[in-house]
Amino acid sequence: MDYNKLSELLYPNVKHDMQYYLSKYPNRNLPDGAEVTRLGPSPTGYLHIGHLYSAMISRITATKTNGVFYLRLEDTDQKRFIPGAADIAYNMLCYYGVTPDEGYRGENLPQIGEYGDYVQSHRTEIYQTFAKELVKKGRAFPCFCEKSESKDDILERREKELENSDTITEHDEHCRNLTYEQIEANIKAGKPWALKLLSTGNPEKQHEFVDLIKGKRVIRENARDVVLVKSNGIPPYALAHVVDDTLMHTTIVVRGEEWYPSVSSHIEIFNALGLKPPKYAHTPVISKLDGENKRKLSKRKDPEADVRYYIETGYPIQSVKEYVLNLLNSDFEQWRNKNPLADISEFDFSIKKIGSNNPMFDFDKLNNISKNVICRWPAERVFAEINTWAEKYDPKYANLLQNNRETMLKMLNIDRGGDRPRKDIYAWSMVKELYSYLFEDFNAPQIADNIKKPEAKEFLVEYIKKYDEKLDKQAWFEQIKQIALAHNFADNKEYKLNPSAYAGSIADACNLVRVAVTGKTTTPDLCSIMQLLGKQKVANRINNLIKTLQ
RNA sequence: GGCACCAUAGUCUAGCGGCUAGGACGUUCGCCUCUCACGCGAAAGACCGGAGUUCGAUUCUCCGUGGUGCUACCA
């Protein structure tokens, strides 16, 4: 077979050769050891938490080595294209502070960088040039078989194939053996065709492969005649990956573990073209416990898979990043404990420290991290963040906050600051409910079962008569205690010894006031809250409760 | 069906031939506070199973088992 002739038959319109592009995009001028990393989302929806996960690896690695992190749009599947998704990807990266140095920046901003175009659908001519090169080298052939239309199609076909044999064919025995004349006839007849790799690999043969996360591995050679160019002229991932990461000089490909099985086919394509493959880092996949089963975080079922979820819920960016970092390098939290105020960029991140099993998403942990982040911030900052969040997601509340700025600031300052700040907020959306008593009245709440109602009532009646909002914390407590004791509430320890003899404990008395005033059993320092509310409101609310105590 | 990845408490993990198997979240219980938290202290809770290698395996090898992924003209 005359492969040059074949390449002209297949790609008569391709003007340049591979060398042309190789010299058009020369090596990057970067310091020794600089790593070039990238994120290649496909615009099929939102940005997945897994994208943020690998983007952080890429961003930190590039920053640490004075390299480059760029964003490339992998939009070769036009069937799954969703308008707006590309912008979301870029915007979310920026929002989370994982900003790319170059590449695609959304529909309205020009791309940055000398190695573009960074949108794969704009690069078909380049891909076809490389495809033609492969044909010339006798390493690719046209396939005229009918394609599978859907996932179901494929599964069905696979089932059928398995009925007769125990393996799925890897070589395309039919089309790889067509003669030039047959191919020419098919082309002239206008039959659609895809370009496939003519694999020369032998799966019995193994070779060493080093993955930056998994370490040294032995993998089998590829034997699959993978599709290089689809019948619409656009390549699927494999060729696009090889061409783009060569031309854009990516040094480390960070991608999800689901790609791991295809490295040998990617390496074969690099080799067939005489190109050097990059280093690979296959990351674990974030999963979730669904009943008894562990599974990948799913787009449809799990709102937390979408990075926008955390914004809508009001998690600070820093909380999410610290959580992801903690998943990535598990010694992060030890470092954080030692350096509570340090910027996360000071943490000694390493790709090698990434574990290789798939972690499950844990809200408890995220919330805990977030509480620790927020409790260190001054009230002004917390207020500003809540306000910014509310302006977007709860304008009414934002309005309320702005009109009561001083009150809210005072509220946020209760138990804040110092070595042992209160940790009660992990996301801005919870604040409205958490401090609802500040701005809203409520129906009289239930009181604890163990408290005797008639005495509770007498206690509250007397207390509200005597309550003086000018008392400081000490005096305030002393007053509650005295009045409670007078109404048969007992010292905590004594009460424990003989509960039935008393109306309740001092703690119960306090809680009675707390519940009456706030409607909640846990709140920051009650004395401060009462001062904030003012005597009138406090009196009204306590009276409301009194009415229910008959 | 084939191929691969993974396997330590409910969860995230440390471990890299000899440890009372360490930490964190969560849970429970104390202490502190004459309230809620915070903080402090403690408890419960793990090496998937079986062979081998070894004086000795959580650690190394093999075989099971389980979970996951891939086996698309999706990425």
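Small disclaimer: the values here were computed from a predicted structure and weren't measured. (Residues numbered from 1 in each chain as written. Chains lettered and ligands numbered in written order. Predicted model: local features only at pLDDT ≥ 70, side-chain atom pairs only at ≥ 80, totals over all residues.)

Participant: How should the protein's contact with RNA strand B be read in this particular structure?
Facilitator: Neighbouring RNA strand B are 71 residues; K147, S330, N357, P359 and T522 lie closest to it. Per-element accounting of the surface near RNA strand B gives the leading share, 5 residues, to helix α21 (residues 506-518). Residues belonging to the surface near RNA strand B are distributed by class as follows: 22 nonpolar, 19 polar and 30 charged. (Near = placed C-beta within 6 Å. Helix = DSSP H or I, 4+ residues; strand = E, 2+ residues; numbered from the N terminus. Nonpolar A, V, L, I, M, F, W, Y, C, P; charged D, E, K, R; others polar.)

Participant: Looking at this model, I keep getting lost on the sheet that holds strand β2 (residues 68-71). Mind explaining?
Facilitator: Read from one edge to the other, the open sheet built from 3 strands follows the order β1-β2-β3, with strand pairing classed as parallel. Looking at strand neighbours, the two that pair on one side only are β1 (36-39) and β3 (102-103), the edges of this open sheet. Pairing geometry for β1 and β2, over 4 bridges, is parallel. Bridging across to β2, T37 finds its partner in F69. (Pairing = 2+ DSSP bridges.)

Participant: What is the right way to read the sheet that holds strand β8 (residues 227-229) from this model?
Facilitator: Hydrogen bonding along the main chain pairs the strands of a sheet, whether they run parallel or antiparallel. Reading across from one edge, β4-β5-β8 is the order of the 3 strands in this open sheet, with antiparallel pairing throughout. Whereas interior strands pair on both sides, the edge strands pair on one side only; in this sheet they are β4 (140-143) and β8. Neighbour-to-neighbour, the strand axes of this sheet turn through a mean angle of 45°, independent of strand direction. Both β4 and strand β5 (residues 194-197) contribute to a ladder of 4 bridges, which runs antiparallel. Residue A140 lies in a different strand from β5, and its bridge partner there is L197. (Axes fitted to C-alpha atoms, helices over the stretch in contact; angles between N-to-C directions.)

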